[in-house]
Amino acid sequence: RLGALCWSLVPLSLPLSLPLPLPGWRRLSAPSPAAPTGLRRLRDDASPTPTSVNYHFTRQCNYKCGFCFHTAKTSFVLPLDEAKRGLAMLKKAGMEKINFSGGEPFLQDRGEFVGQLVQFCKQELKLPSVSIVSNGSLIREQWFKKYGEYLDILAISCDSFDENVNILIGRGQGKKNHVENLHKLRRWCREYAVAFKINSVINRFNVEEDMNEQIKALNPVRWKVFQCLLIEGENSGEDALREAEKFVISDEEFEEFLDRHKDLSCLVPESNQKMRDSYLILDEYMRFLNCRNGRKEPSKSILDVGIEAAIKFSGFDEKMFLKRGGKYVWSKADMKLDW
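Residues numbered from 1 in each chain as written. Predicted model: local features only at pLDDT ≥ 70, side-chain atom pairs only at ≥ 80, totals over all residues. Heavy atoms only, no water.

The protein chain appears in an unreviewed UniProt entry as S-adenosylmethionine-dependent nucleotide dehydratase RSAD2 from Rhynochetos jubatus. The heading Subcellular location (unreviewed entry) in the UniProt record of the protein chain holds the text "Endoplasmic reticulum membrane". (UniProt positions renumbered as here; feature names shortened; annotations may be inferred.)

**Considering the pattern of salt bridges**
Counting across every chain of the model gives 12 salt bridges. Taking the shortest distance from any N to any O, the salt bridge between Arg-204 and Glu-253 comes out at 2.8 Å. Of this pair, Arg-204 sits in the loop between strand S5 (195-202) and helix H8 (212-218) while Glu-253 sits in helix H9 (residues 251-260), placing them 49 residues apart in sequence. By relative accessible area, Glu-253 is classed as partly exposed at 21%. A cluster of three or more residues bridged by salt bridges with shared partners is formed by Lys-224, Glu-270 and Arg-324. (Salt bridge = Lys/Arg side-chain N within 4 Å of Asp/Glu carboxyl O. Helix = DSSP H or I, 4+ residues; strand = E, 2+ residues; numbered from the N terminus. Buried < 20%, exposed > 50% of the residue type's maximum accessible area, 1.4 Å probe, protein only.)

**With respect to helix H3 (residues 80-92)**
Spanning 13 residues, H3 covers 19 Å between terminal C-alpha atoms, matching the ideal 18 Å at 1.5 Å per step. Those residues of H3 not exposed but buried are Leu-80, Ala-83, Gly-86, Leu-87 and Leu-90. Each buried residue of H3 lies within a common arc of 125° when the element is viewed along its axis, so the set occupies one face. Those residues of H3 that are exposed and aimed more than 90 degrees away from the buried face are Asp-81 and Lys-92. Where H3 ends, the next residue or the one after it, Gly-94, has phi of about 120°, a positive value. (Expected span 1.5 Å × (residues − 1). Arc of directions from axis to C-beta.)

Here's what the structure looks like:
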């Protein structure tokens with residue numbers, strides 16, 4: 001009846017061959033300059049797509065890095081089935097890449113928890129990219145034998161190639177040598193066909209360091225270099241578990257560090273400006289964390305209200321995500337690496 005009504009309203013002077021919109025039309029993908037503002041608003045206000053998600057499923061860690069901005073406020077970890085349910089919801093909403101982080105992901109069930117999540121995401125959900133960020137201290141070769149085929153990228157945090165500096169930062173763990181362990185993990189990644197990545201936080205204790213030769217020797221697919229960032233309530237402020245102010249460097253100092261390493265093709269710099277609002281972060285309750293006000297303000301859990309309702313409160317900026325190069329060749333099948 002609506003269709004008949006539309007036809008009845010067509011001026012007789014118009015040719016009957018004129019194409020008319022059918023009931024229910026909503027072409028929002030490419031509105032014309034003269035399109036009503038209401039149509040543009042529908043497009044602009046649409047919820048962002050969770051293309052790449054960082055799931056911090058645990059806050060527990062065996063290191064005490066002084067600048068950590070996801071500190072161990074709780075020991076909560078979702079039951080495995082609930083975590084899988086949330087991941088399946090994210091895949092349905094458009095997730096292509098999942099990154100498991102913490103805390104330290106390999107603390108939970110000696111790596112079995114994250115291993116089963118990795119296998120589920122690659123085997124059942126068939127995600128193009130599955131990655132982990134770890135300090136590397138608890139990973140064993142047996143884990144690679146069991147789960148390595150399902151993992152695209154392993155990122156190991158290493159802030160210095162001077163063991164004394166690592167101890168000052170909080171990455172020391174008794175007799176274990178963080179740098180020696182890094183080389184061992186690099187070898188396992190090559191043997192079990194996992195892309196190897198390094199994450200470094202540039203701070204007051206390592207900003208003068210020259211890491212060119214060591215990075216060349218390790219040859220990671222990406223070397224992500226972050227500027228030390230303050231988050232109220234995490235590593236800064238009265239209710240924080242860390243006091244990271246002494247680690248902070250200026251933008252100029254960060255740029256000097258980058259300039260010293262500019263010839264490394266694997267270098268991926270991320271200043272504080274690039275980091276803000278460009279990451280989609282899920283906490284241990286599967287709540288999106290909004291960092292726009294310098295704090296981590298949680299949404300409701302996606303398990304309770306769904307993806308679309310929760311992501312509106314994430315503060316996530318898709319344009320900033322793309323601008324910082326958040327989408328790249330992230331599946332090991334497409335990397336053409338010499339394992």
